[in-house]
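Each chain, letter by letter, is given below.
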Amino acid sequence: MPRLQAEHVYKVFGRRPEDAVRRIEGGASRAELRADGTTAAVIDASFSVEEGQIFVVMGLSGSGKSTLLRTLNGLLEPTAGCVRFDGQDLTSLSERELREVRSRRISMVFQHFALFPHRSVLENAAYGLEVRGLPKAERERRAAQALELAGLKGWEKSWPDELSGGMQQRVGLARALATDADLLLMDESFSALDPLIRRDMQDQLLDLQKTLKKTIVFITHDLNEAMRLGDRIAVMRDGRIVQTGTAEDILLTPADDYVASFIQDVDRSRVLTAGAIMADPDTVPGTTTGAGQEIRTAEEFLAAAPATVRPDTPLSELFTACASSPVPVAVTDAAGRLVGAVPAGRLLAVLGEPTKKAETVAGTAAVPRAASVPGPEAGASEGKVTAGA
Ligand SMILES: Nc1ncnc2c1ncn2[C@@H]1O[C@H](COP(=O)(O)OP(=O)(O)OP(=O)(O)O)[C@@H](O)[C@H]1O
Ligand SMILES: [Mg+2]
């Protein structure tokens, strides 16, 4: 059973929201509703998140990410549809039960969460436990543990203003970790950080995740961040999820021109892996088939290959090997068995694709950047979508 499930979730702000849902189901557009002063922030969102996964929701400003996130811990009640956490429909819980779930089992890390300036780092990290009424010694022990996990050992007695922005952000992360909640909801948690510190935080989160195996929903408008962190990624546009898949799915088969335009600037060589592009060794000249060259057994090919990599090796690490030898790079599994081959031509072809996509997108004028995002978000959107960091 998935940890978290959203089923046809709608969230409409404004008068008579249920009517608005019916109108959307009947084909009314978001713009038509907006003309009546009604905002369909989330439209028919469905997805599930498995235990231990990082599920990333990405999209332009105003696409509904934060609203969707708030329905996931019951801070907002869906206008239609439902959210299940461990199989339990959140809307079926009483206000008291919901508060209990929020304080013990689901933790939220905000982009601009505030540390209390007159409390030490330790007290700040222990805040969620204080709210829950844990005894002082117990909460300090757990907060100290969480601070260590977040790389802040030795800073317990410091004041927030003695910490850099990145370190303060880590106190926020520690606060969420200290509660022991196994579902973390992170809303643009790293967006306010400098690119280098941001990368550092991403590494740290991935590192923590290896041991903690939390279930995480992470919101970002940065596609590179989404691709680094997400086991699965949902792309939102105008309130709807337009594609859900792995980073590779999204890079190799974008659902539409909107998604394609996002991925133009992504460094594919760092996201795509040998496993995603490798060919069956039996079909590749120079490996085991010969085709115009000598025929090799799998063992001979492995010996002749300029490099042997694993399926999860990023393409960026294959360039040197591919450039130095006409023989394809060999891909082996954990047991050392040959599972694939990457010829130089295949590497170049995959990396060459985005140019073509970019041209198509520009040509059809279906680019969803500021130009076609309706309403007041347009101006804000353009600057916000970055493939940097
Ligand atoms: N409480 C509210 N009342 C009315 N409208 C709202 C409310 N909260 C959000 N909205 C509207 O819902 C839409 C989606 O907003 P939301 O904050 O979910 O977007 P977002 O994707 O998180 O954007 P950003 O990247 O800027 O944080 C916007 O048009 C917003 O104005
Ligand atoms: Mg938001």
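Residues numbered from 1 in each chain as written. Chains lettered and ligands numbered in written order. Predicted model: local features only at pLDDT ≥ 70, side-chain atom pairs only at ≥ 80, totals over all residues. Heavy atoms only, no water.

Chemist: Even after reading the chapter, I still don't get the environment of V242, so can you show me in this structure?
Modeler: Following the sequence through the fold, V242 ends up in strand β10 (residues 240-245). Measuring from C-alpha to C-alpha, the distance between V242 and Y258 comes to 8.8 Å, with 16 residues separating the pair along the chain. (Helix = DSSP H or I, 4+ residues; strand = E, 2+ residues; numbered from the N terminus.)

Chemist: What exactly am I supposed to notice about the site of ligand 1 here?
Modeler: Within the structure, ligand 1 sits among 14 residues, and S61, G62, K65, S66 and T67 are positioned closest to it. At 2.8 Å from an oxygen atom of ligand 1 is found a main-chain nitrogen or oxygen belonging to G62. Between ligand 1 and the protein, one listed contact pairs an oxygen atom with a backbone N or O atom of S63 at 3.2 Å. Summarising the interface, the protein chains cover 63% of the accessible area of ligand 1, which totals 640 Å² for the free molecule. Of all the secondary-structure elements, those providing two or more residues to the shell around ligand 1 are β2 (39-49), α3 (65-72) and α18 (377-384). With three residues, the top contributor of residues to the shell around ligand 1 is α3. Taken together, the residues of the shell around ligand 1 sort by class into three nonpolar, seven polar and four charged. (Near = heavy atom within 4 Å. Polar contact = N/O pair within 3.5 Å; in protein donor to acceptor, adjacent residues only side chain to side chain. Areas by Shrake-Rupley, 256 points an atom, 1.4 Å probe, with all protein chains shown as cover. Nonpolar A, V, L, I, M, F, W, Y, C, P; charged D, E, K, R; others polar.)

Chemist: When you look at the pattern of salt bridges in this model, what are you seeing that I'm missing?
Modeler: Inspection of the entire model under this criterion finds 22 salt bridges. For the salt bridge of E95 with R102, the shortest nitrogen-to-oxygen distance reads 3.8 Å. According to the relative accessible area criterion, E95 is partly exposed, its value standing at 49%. A salt bridge links R228 to D203, with the shortest nitrogen-to-oxygen separation between them at 2.5 Å. Placement of the pair is R228 in helix α10 (residues 223-229) and D203 in helix α9 (residues 195-212), with a sequence separation of 25 residues. According to the relative accessible area criterion, D203 is partly exposed, its value standing at 35%. In this structure, a network of salt bridges that share partners links the residues R3, E51, D86, R105 and D182. (Salt bridge = Lys/Arg side-chain N within 4 Å of Asp/Glu carboxyl O. Buried < 20%, exposed > 50% of the residue type's maximum accessible area, 1.4 Å probe, protein only.)

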